[in-house]
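If you want the building blocks of each chain, they are given just below.
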Amino acid sequence: MTRLTGRALRLTVLVGENDTWHHKPLYSEIVRRAHAAGLAGASVFRGIEGFGASFLIHTSRLLSLSEDLPVAIVIVDTDERVRAFLPQLDELVAEGLVTLDDCEVIRYTGRDDTARASDTKGSDTKGEKSP
């Protein structure tokens, strides 16, 4: 597991949910490559409304016909590791916005092996099977 505390760099990539890379969602390819690069983590957030350089508003409101909602991919890791990942985004992101922000990691923890094992078994705290 990657240890990450203190000063870090937050990479945010804003694209449309319909943007693709080789017939698959672009956001999925970015997350896959971030994982393969060993970055600390990546999360994808779907927006409900927004516009970008084209000034076309995309919204999830019922009366709107737009379906290409904004998607934000957020990655946090050390400055060096994030900057080393940027050339991959040059290849992937044809339209969108890529930003970098300095940040401070206060807490970065994952589940330990024992917690992960109990989650997959569906056990409660007494070790009995949950219904």
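Preceding block: the structure.
This is a predicted model, so every value here is computed, not measured.

Conventions we followed
- Each chain has its residues counted from 1, running along the sequence as written.
- Owing to the predicted nature of the model, reporting of local features is limited to residues with pLDDT of at least 70; listing and counting of side-chain atom pairs is limited to 80 or more, with chain, interface and lining totals taken over all residues.
- Side-chain figures throughout are based on the complete set of non-hydrogen atoms in the structure, without hydrogens or water.
- Only DSSP runs of H or I reaching four residues or more are called helices, and only runs of E reaching two or more are called strands; each is numbered from the N terminus.
- Here's how the labels work: a residue is buried when its accessible area is under 20% of the maximum for its type, exposed when over 50%, partly exposed in between, all with a 1.4 Å probe on protein chains only.
- Contact criterion: two residues are considered in contact whenever any of their non-hydrogen atoms come within 4.5 Å of each other.
- Here the Shrake-Rupley method, with its probe set to 1.4 Å, supplies the accessible areas, and only the displayed protein chains count as covering residues.
- By the convention used here, strands pair only if DSSP detects at least 2 bridges between them.
- For helices, the fitted line uses only the C-alpha atoms of the stretch in contact; every axis is such a line through C-alpha atoms, and the angle between N-to-C directions lies from 0 to 180 degrees.
- Here, a salt bridge means any Lys or Arg side-chain nitrogen found within 4 Å of an Asp or Glu carboxyl oxygen.
- Summarising the geometry, the arc corresponds to the directions from the helix axis toward the C-beta atoms.

### Observations concerning the overall build of the protein
Step number 1: A count of helical and extended segments in the protein gives three helices and eight strands.
Step number 2: Helices and strands appear in the protein in the N-to-C order β-β-β-α-β-β-β-β-α-β-α.
Step number 3: Across the 131 residues of the protein, 25% fall into the buried class.
Step number 4: Across the protein, contacts joining residues at least 24 apart in sequence account for 74% of those joining residues at least 6 apart.
Step number 5: When the accessible surface of the protein is summed, it comes to about 9,500 Å², and 53% of that surface belongs to carbon and sulfur atoms.

### Brief notes about the sheet that holds strand E4 (residues 42-46)
Step number 1: The sheet built from four strands is open, its strands ordered E4-E7-E1-E8 with antiparallel pairing. Each having just a single partner strand, E4 and strand E8 (97-105) make up the two edges of the open sheet. Neighbour-to-neighbour, the strand axes of this sheet turn through a mean angle of 20 degrees, independent of strand direction.
Step number 2: Bridge count between E4 and strand E7 (residues 70-77): five bridges; the pairing is antiparallel.

### A short note on the pattern of salt bridges
Step number 1: One pass over the full model with this rule turns up seven salt bridges.
Step number 2: In this structure, Glu 29 engages Arg 32 in a salt bridge whose closest nitrogen and oxygen atoms are separated by 2.8 Å. With Glu 29 and Arg 32 both in helix H1 (residues 26-36) and three residues apart, this pair spans about one turn of that helix.
Step number 3: Under the relative-accessibility criterion, Glu 29 is labelled buried at 11%.
Step number 4: What makes Arg 32 partly exposed here is its relative accessible area of 47%.
Step number 5: The residue Glu 29 makes a salt bridge to Arg 33 at a minimum N-O spacing of 2.8 Å. Remark: Arg 33 and Glu 29 occur in helix H1; sequence separation between them is four residues, near one turn of the helix.
Step number 6: Residue classification places Arg 33 among the buried positions, given a relative accessible area of 11%.
Step number 7: Connected through shared salt-bridge partners, Glu 29, Arg 32, Arg 33 and Glu 91 make up one network.

### With respect to H1
Step number 1: Those residues of H1 not exposed but buried are Leu 26, Glu 29, Ile 30, Arg 33 and Ala 34. Looking straight down H1, one finds that the buried residues subtend no more than 135 degrees of arc, so they occupy a single side. The exposed set on the far side of H1, more than 90 degrees from its buried face, consists of His 35 and Ala 36.
Step number 2: Those residues of H1 that are buried are in contact with strand E1 (6-16), strand E2 (20-21), strand E3 (24-25), E4, E7 and helix H2 (79-92).
Step number 3: Gly 38 sits one or two positions beyond H1 and adopts a positive phi of about 80 degrees.

### Topic: the environment of Gly 47
Step number 1: Its location among the elements puts Gly 47 in the loop between E4 and strand E5 (49-50).
Step number 2: When the C-alpha atoms of Gly 47 and Thr 59 are compared, they prove to be 8.4 Å apart, with twelve residues separating the residues in sequence.
Step number 3: Not counting chain neighbours up to four residues away, the residues in contact with Gly 47 comprise Leu 69 and Pro 70.

### Regarding the pairing of E7
Step number 1: Bridge count between E1 and E7: eight bridges; the pairing is antiparallel. Paired with Thr 12 across the strands is Val 74, a residue of E7.

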